[in-house]
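Notes for the structure review
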Amino acid sequence: MTIQEQWTTDHDDDIITELTFEEFQAAALAALERLGLTYAELREQARNRNFSSAEAHSLWVTIGGTLDL
């Protein structure tokens, strides 16, 4: 992963990292693979508001609707 820019905020524990679209997409695909889900399955869970795990819900909050996988 190439970090475009990284900086800290006024809070000691906040770090912001910018990714290219390709890096974001690769990270999303890797996360889906770790969860054993396809994007379509995750999208369906979101539509039904019934996620298979807290991690799946968190991933949807992060990537939901941003990718066409």
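Calculation notes
- Residues numbered from 1 in each chain as written.
- Predicted model: local features only at pLDDT ≥ 70, side-chain atom pairs only at ≥ 80, totals over all residues.
- Heavy atoms only, no water.
- Phe/Tyr/Trp six-rings, centres within 6.5 Å; stacked < 30°, edge-to-face > 60°.
- Helix = DSSP H or I, 4+ residues; strand = E, 2+ residues; numbered from the N terminus.
- Buried < 20%, exposed > 50% of the residue type's maximum accessible area, 1.4 Å probe, protein only.
- Axes fitted to C-alpha atoms, helices over the stretch in contact; angles between N-to-C directions.
- Parallel < 35°, antiparallel > 145°, perpendicular 65-115°, else oblique.
- Left-handed = near helix turned anticlockwise from the far one by under 90°.
- Contact = heavy atoms within 4.5 Å.
- Nonpolar A, V, L, I, M, F, W, Y, C, P; charged D, E, K, R; others polar.

With that settled, the discussion passes to the packing of aromatic side chains. One pass over the structure, following the stated rule, counts one aromatic pair. With centroids separated by 5.9 Å and ring planes inclined at 35°, the aromatic side chains of Tyr39 and Trp60 adopt a geometry described as tilted. Residue Tyr39 is found in helix H2 (residues 39–48), and its partner Trp60 is found in helix H3 (residues 54–63); the two are separated by 21 residues along the sequence. Taking relative accessible area as the criterion, Tyr39 reaches 3% and is therefore assigned buried.

In this section: the packing of helix H1 (residues 21–35) against H3. One way to put it is that H1 packs onto H3 with a least axis distance of 11 Å and a crossing angle of 165°. Comparing the axis directions of H1 and H3 gives the class roughly antiparallel. Between H1 and H3 lies a crossing whose hand is left-handed. Residue-level inspection shows Phe24, Ala28, Ala31, Leu32 and Leu35 of H1 in contact with H3, the latter providing Glu55, Ala56, Leu59, Thr62 and Ile63. Of the residues assigned to the contact of H1 with H3, the class counts are eight nonpolar, one polar and one charged.

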